[in-house]
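Architecture and fold: a report
One-letter residues, chain by chain:
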Amino acid sequence: MSQFDFPRINFHGSVLLDVPTGNNNKFAPLIIYDQVDALPYNPPRVYITAEQLPAVQQLGYAVSTDDTGQNYVAIEGISRDNYDQWATSLLGRSGLDDCYIPLYKEIPLKGDGAQPSLYDGLVQPGYWNYFGDLSVFAEDIRITGIQVADGQGGVITFTHGNSDGCPAGLAQLLNQSFSFHQQFFEPGSRTTAMLCDIDSVGDTCTQMFCSLAGIYGNSLGQEKTYFTGVPCKSTFNWLSFSKVLNWNNPLLSPMSGGTYFNSTLALNSDQTDPLFQQDLNQEAGFSVDALSMKILIHQVYEVRNPLYDKMPTAPLGNNQTSVPKNPARVAFSGSLCPFVEGTDMKTTNIARILKNGIAANPTLDLSGIVTPTPMGQNQTPLSVPSTVQLAPAFLKVNYQKKVISLDVLNTICEYGVGLGDYSKYGGPSSIPPFLGFENYDFGPLSLNFLPDDQSPSTVIGTFDHAKDYNMAVFLARGGVMDFPIPPGIPDFSKGKFEIYRNGQPLLIEDDYLIQSDQQGSYAEQNQSASDGYKSDGPGRGPVILRCFYRGNPVTAPVAGKIRNGATNALEDFSFYDGVTFEYDTQKAGCFQYVLGINPAQYFTPTNKAEVFYLIANGYTVTTRVLAAAPELEVYLNGSVPLTWQVLYENILSNYHSVLPIMNAILPFNEAVWSEPYTMRRMLMLTDSKNWGGYMYMPVTRELSKNQQALLQMWAKQKMG
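Residues numbered from 1 in each chain as written. Predicted model: local features only at pLDDT ≥ 70, side-chain atom pairs only at ≥ 80, totals over all residues. Heavy atoms only, no water.

Concerning the overall build of the protein
Looking only at helices and strands, the protein has 14 helices and 35 strands in total. Here the C-alpha atoms of the protein give a radius of gyration of 26 Å, agreeing with the 27 Å that 2.2 N^0.38 yields for 720 residues. With the C-alpha coordinates aligned to their principal axes, the bounding extent of the protein is approximately 75 × 60 × 55 Å. A total of 720 residues make up the protein; the buried ones form 60% of that total. Residue pairs in contact within the protein that sit at least 24 positions apart in sequence constitute 73% of those at least 6 positions apart. Of the accessible surface of the protein, which amounts to about 28,300 Å², a share of 51% is contributed by carbon and sulfur atoms. Positive and negative side-chain charges of the protein, numbering 45 and 67 respectively, have mean locations separated by a distance of 2 Å. (Helix = DSSP H or I, 4+ residues; strand = E, 2+ residues; numbered from the N terminus. Rg over C-alpha atoms; globule rule 2.2 N^0.38 Å. Buried < 20%, exposed > 50% of the residue type's maximum accessible area, 1.4 Å probe, protein only. Contact = heavy atoms within 4.5 Å. Areas by Shrake-Rupley, 256 points an atom, 1.4 Å probe, with all protein chains shown as cover. Lys, Arg positive; Asp, Glu negative; His and termini not counted. Charge placed at Lys NZ, Arg CZ, Asp CG, Glu CD.)

Written out as structure tokens, the structure reads:
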């Protein structure tokens, strides 16, 4: 896909992310979730090192050993009946685990440097939104700008109130609403967008499944749908932890972050306004039947250490149940642009990439920027680093339109201005929200082209805060800077682009870009590559790598490496555009593979700066190998009767603990899960043909083949 093509429809607004947080294992060495088998630890565990073992034994605790040889203490007394109360309380304060307080005080949290104990570290096992429903609910996203190219190197940005000359079919979209709702104009309409982690513990891959997106509004007093379409699954990429400068503190991570989700929206022809379609085609130069969708998630506000008994329980966003609610409120910013079938990628960009190397990390003047103070007595404003890792920028040379476009939407840092009120249910690490945001002023920045032959560089163009990247202009442009192609450079493939600040390179082009539309995929344990992997939609297929050199496909194999993120083992690999990647499925679990042609792309990080660099700039594929669960075969083949207890312990207990809102919607008891209508609907929702839709069950998508078969077997038995 491409966020650079014309016309561009740019947007910005507020979204509720109701992500559940009970399967994050956020407070290691307290471990509550077994991600390999997709089941909760019952009871929860505190893992201990060999050095800690004598002290723990002296305290009188029984120490067990897991299958990998690691020692742990089971928190006996925490069961399904009292788990919710325990998970939503600070560790050792629920009254359910008092006898383990000495253990909690003995064992520190896992992390760099000195860490507080589990007891003193504000540990809330279910974290800040235990009852989330995974929904992505658009509160108010508006069209901020329409951009068209004049064909002579100029780009015109039209905004609400400044639309003279904008084609009528496009101008009518300005200030209208962009949404993922099922029925936008119906009160209480639900969203069709859901977030789903492949790796909920390592946070290496988050996906967004969405079944409908569109632009809606009012025309001459009448409700109007301008267009709708069906997006493909998208996967986050290019994660920066320094997007919001005054939230850039470990206590708040990842609130300071910004990350892209890219998708392709197949237009519904029967719900597309004819005038919009006409002008869309005219500006694009071809008949458009799909749009590329670039979304930046940023300005993430979460209420931490919440008091669950004081949380609101009234319907909020997508969540219509009576559970306590504490979704994150975030900003969605981005663009919709024409998609070219057979040329563009569906979930990422074919572009040139410019990276901020560690040595070039800028040191910023934050003296005028206010940092928040957490709730509680004797608290002080949070400290934030002044030296930051910038997210990459992306560039495209458009010879047809005679323009060079540079996407810095996630590259330019921002900061909050004005402090609101603390949450009424916030806990000791909660902070007040900001009332607004502004982009940091880096001063004048220039885009330069440096030829390979060492001839003098050419300044393509400059951009500054006052006229180009203050927040209002920035959002109207979708964070993209456009420059006319200068004369005298016949071939931009024979050189690099760089962004300069104060006469020094801030971002330098990396020659190679490696991406995949199957960046997040699923496999069954011990399956062969020929079986294909699950990535989007009902089918299975290969993981295909797209490889580019300065924006052009790599046609001949280039030697590189693939690093296993779990073992750091390197494997030789020949990269070229369209090469397939096959991964080992013998071991169940989540695995990230780091791809690279040169060591700067695949190296093993040894410090935080290197970790942040790779997270922002790395080329990766994340996989989930679903456990085979051979112990279920005796029930599937009829050797042993399938009972409710078997179904619950092997499948449903997972969702009772890590997605407890399911219990509020469909209580986990045998009577409810034996009702024929309910089981008929469950059969439909667990059908693999619905895997790419927002209603697929389970939304978290970690059912193995045997688990799915067992669940469907139970349903068919109860249907008679």
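Picking up after the structure, the text goes on.
Observations concerning the side chain of Thr-88
Mapped onto the secondary structure, Thr-88 falls in the loop between helix H2 (83-87) and helix H3 (101-106). You can call Thr-88 buried: its relative accessible area is 15%. Residues in contact with Thr-88, not counting those within four places in the same chain, are Gln-124, Tyr-130, Phe-131 and Tyr-308.

Comments concerning a nonpolar patch on the surface
Where nonpolar side chains cluster on the molecular surface, the patch consists of Val-611, Phe-612 and Ile-615 and spans about 210 Å² of accessible area. Residue placement: Ile-615 occurs in helix H9 (residues 608-617). (Patch = residues over 30% accessible without salt bridge, like charges linked within 9 Å, V, L, I, M, F, W, Y side chains within 5 Å. Salt bridge = Lys/Arg side-chain N within 4 Å of Asp/Glu carboxyl O.)

Regarding the nonpolar core
Counting residues in each nonpolar core, the largest one holds 123 residues, and the members touching the most others are Leu-17, Phe-178, Phe-180, Phe-332 and Trp-673. No other element matches helix H11 (residues 644-658), which puts eight residues into this core. Contacts of Phe-178, omitting those with residues within four sequence positions, involve Phe-11, Ala-138, Ile-141, Ile-143, Ala-213, Gly-214, Ile-215, Met-293 and Leu-336. By size, the runner-up hydrophobic cluster in this structure holds 68 residues, among which are Leu-366, Leu-390, Phe-474 and Val-625. (Core = buried A, V, L, I, M, F, W, Y, C linked by side-chain atoms within 4.5 Å.)

Observations concerning the sheet that holds strand S19 (residues 403-407)
In a beta sheet, neighbouring strands are held together by backbone hydrogen bonds and run either parallel or antiparallel to one another. Reading across from one edge, S23-S22-S25-S26-S17-S18-S19-S24 is the order of the eight strands in this open sheet, with antiparallel pairing throughout. Both edges of this open sheet fall to strand S23 (458-463) and strand S24 (480-484), since each of them pairs with a single strand only. The sheet shows a mean angle of 25 degrees between the axes of neighbouring strands, direction not considered. Examined bridge by bridge, strand S17 (residues 352-355) and strand S26 (residues 504-510) share three bridges and lie antiparallel to one another. Its bridge partner lying in S26, Ile-353 is registered against Asp-510. (Pairing = 2+ DSSP bridges. Axes fitted to C-alpha atoms, helices over the stretch in contact; angles between N-to-C directions.)

Here's the deal with the sheet that holds strand S3 (residues 39-48)
Spatially, S2-S3-S5-S4 is the arrangement adopted by the four strands of the open sheet, whose pairing is antiparallel. Across the chains shown, the open sheet's two edge strands, defined by having one partner strand only, are strand S2 (30-34) and strand S4 (64-65). Across the sheet, H11 lies against S2 and S3, angled at about 65 degrees from S3, the strand it touches most.

A closer look at the pattern of salt bridges
Between side chains of opposite charge, a pair can form when the charged atoms approach closely. Inspection of the entire model under this criterion finds 19 salt bridges. Between Arg-329 and Glu-139 there is a salt bridge, with the nearest N and O atoms lying 2.7 Å from each other. Note that Arg-329 is positioned in strand S16 (residues 328-338) and Glu-139 in strand S6 (residues 135-149), a separation of 190 residues in sequence. As a salt-bridge pair, Asp-511 and Arg-550 come within 2.9 Å of each other at their nearest N and O atoms. Here the residue Asp-511 occupies a position in the loop between S26 and strand S27 (512-516), and Arg-550 occupies one in the loop between strand S29 (543-549) and strand S30 (552-553), the gap between them amounting to 39 residues. Residue Arg-550 is classed as buried on the basis of its relative accessible area of 5%. Salt bridges here are not isolated pairs; linked through shared partners, they connect Asp-452, Lys-496, Asp-511 and Arg-550.

Remarks on the environment of Gln-278
With respect to the helices, strands and loops of the structure, Gln-278 is situated in helix H5 (residues 274-284). Expressed as a C-alpha distance, the spacing of Gln-278 and Gly-169, which sit 109 residues apart in the sequence, is 7.2 Å.

Comments concerning the layout of surface pockets
In this approach the atoms are scanned with a rolling probe the size of a water molecule, which exposes any empty space left behind. Considering only enclosed or pocket space, the second largest pocket measures out at about 760 Å³ in volume. What lines the second largest pocket is a set of 26 residues, and nearest its centre among them are Met-662, Ile-665, Leu-685, Met-695 and Val-699. Of all the secondary-structure elements, those providing two or more residues to the lining of the second largest pocket are helix H12 (661-665) and helix H13 (676-685). Top contributing element to the lining of the second largest pocket by residue count: H13, with five residues. Classifying every residue of the lining of the second largest pocket gives 16 nonpolar, seven polar and three charged. (1 Å grid on protein atoms, 1.4 Å probe; cavity = no way out; pocket = protein on both sides within 12 Å on 5 of 7 lines; lining within 4 Å. Points joined across faces, edges and corners; volume = space filled by probe spheres on them. Nonpolar A, V, L, I, M, F, W, Y, C, P; charged D, E, K, R; others polar.)

Quick look at helix H14 (residues 705-719)
Along its 15 residues, H14 runs 21 Å from first to last C-alpha, staying within 8% of the 21 Å computed at 1.5 Å per residue. Looking at the buried residues of H14, the elements they touch are helix H10 (633-636), H11 and H13. Remark: Gly-720 follows H14 within two positions and exhibits a positive phi of approximately 80 degrees. (Expected span 1.5 Å × (residues − 1).)

Everything listed is a geometric property; what it means functionally is a separate question.
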